[in-house]
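Read off the chains here:
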Amino acid sequence: MDLKKLTQWAKEELALIMEDIPELKKNANLVYSSPCGQCNLTADRLEIYKSFPSFFTIDDNHKKIKQMLQDKDEKNKELSGLIDSLSIADNTNIEFRFEKLNYELIDLLKRHPKVHQPERMIRRSWIRVILISLNDQYLSDNNLC
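Residues numbered from 1 in each chain as written. Predicted model: local features only at pLDDT ≥ 70, side-chain atom pairs only at ≥ 80, totals over all residues. Heavy atoms only, no water.

Asker: Break down the pattern of salt bridges for me, citing the residues and quoting the values.
Answerer: Going through the model one piece at a time under the given rule, you end up with 5 salt bridges. Among the ionic pairs, Lys114 bridges to Glu13, the shortest N-O distance being 3.7 Å. Pair noted here: Lys114 is in the loop between helix H5 (103–110) and strand S4 (129–133) and Glu13 is in helix H1 (residues 3–20), with a separation of 101 residues, a long-range link. Using a relative accessible area of 29% as the deciding quantity, one classes Lys114 as partly exposed. For the salt bridge of Arg124 with Asp107, the shortest nitrogen-to-oxygen distance reads 3.3 Å. Taken together, the residues span a long stretch of sequence, with Arg124 in the loop between H5 and S4 and Asp107 in helix H5 at a distance of 17 residues. Assessed through its relative accessible area of 43%, Arg124 is described here as partly exposed. By relative accessible area, Asp107 is classed as buried at 17%. Overlapping salt bridges, with partners in common, bring together Glu95, Arg97 and Arg128 in one network. (Salt bridge = Lys/Arg side-chain N within 4 Å of Asp/Glu carboxyl O. Helix = DSSP H or I, 4+ residues; strand = E, 2+ residues; numbered from the N terminus. Buried < 20%, exposed > 50% of the residue type's maximum accessible area, 1.4 Å probe, protein only.)

Okay, here's the thing in structure tokens:
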């Protein structure tokens, strides 16, 4: 999955949503999120790995990467290649985070046509707003992953 391409798409979607809901400009940002953690949408793969290793699917390269980081060998070209080879875990979402909770704004955002909020999470009791899940067919259909 091309993380740069996906991040750019998410930023463009956010800009379009903000045209419709200008109140978001000062109150919302996007993050990569999963049941195991979250990170800034614009973080690079190495930053993400350091703070949120479960963002990636666990494979044989994790042990090598962990050792290189423990050895403080971050300039190693092999490390860069290993990080780039990791697959993003498919339980990851791109989600909105809010500076201040505004339930009316959250409800409006959940129903926006560009937001791929799961039907079960439309109820007001859910404050999480998912722009898209990385396993959403939309991403494959539009060559974003």
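Asker: So, H1: which residues are in play, and what are the values?
Answerer: Here H1 spans 26 Å end to end across 18 residues, near enough to the 26 Å set by a 1.5 Å rise per residue. Of all the positions in H1, only Leu3, Leu6, Thr7, Trp9, Ala10, Glu13, Leu14, Ile17 and Met18 are classed as buried. The inward-facing, buried residues of H1 contact strand S1 (28–34), helix H2 (45–51), strand S3 (93–98), H5, S4 and helix H6 (137–141). (Expected span 1.5 Å × (residues − 1). Contact = heavy atoms within 4.5 Å.)

Asker: Break down the pairing of S3 for me, with residues and values.
Answerer: With 5 of 6 residues buried, S3 is to be regarded as a mostly interior element. Direction of pairing for S1 relative to S3: antiparallel, over a ladder of 6 bridges. For Leu30, the partnering residue across the bridge sits in S3 and is Phe96. Of the strand pairs in this sheet, S3 and S4 are connected by 4 bridges, and their pairing is antiparallel. In the strand pairing of S4, Glu95 is matched with Ile130. (Pairing = 2+ DSSP bridges.)

Asker: Give me a nonpolar patch on the surface: which residues, what numbers.
Answerer: There is a patch of nonpolar side chains on the surface, built from Leu101, Tyr103 and Ile127 and spanning about 260 Å² of accessible area. With respect to the helices, strands and loops of the structure, Tyr103 is situated in helix H5. (Patch = residues over 30% accessible without salt bridge, like charges linked within 9 Å, V, L, I, M, F, W, Y side chains within 5 Å. Areas by Shrake-Rupley, 256 points an atom, 1.4 Å probe, with all protein chains shown as cover.)

Asker: Outline the packing of aromatic side chains, listing residues and values.
Answerer: Tallied over the full model, the rule gives 6 aromatic pairs. Aromatic side chains Tyr32 and Phe55 sit 5.2 Å apart centroid to centroid with 65° between the ring planes, which places their arrangement in the edge-to-face category. Of this pair, Tyr32 sits in strand S1 while Phe55 sits in the loop between H2 and helix H3 (61–70); the two residues are 23 residues apart in sequence, bridging distant segments of the chain. By the burial criterion, Tyr32 is buried, and Phe55 matches it. (Phe/Tyr/Trp six-rings, centres within 6.5 Å; stacked < 30°, edge-to-face > 60°.)

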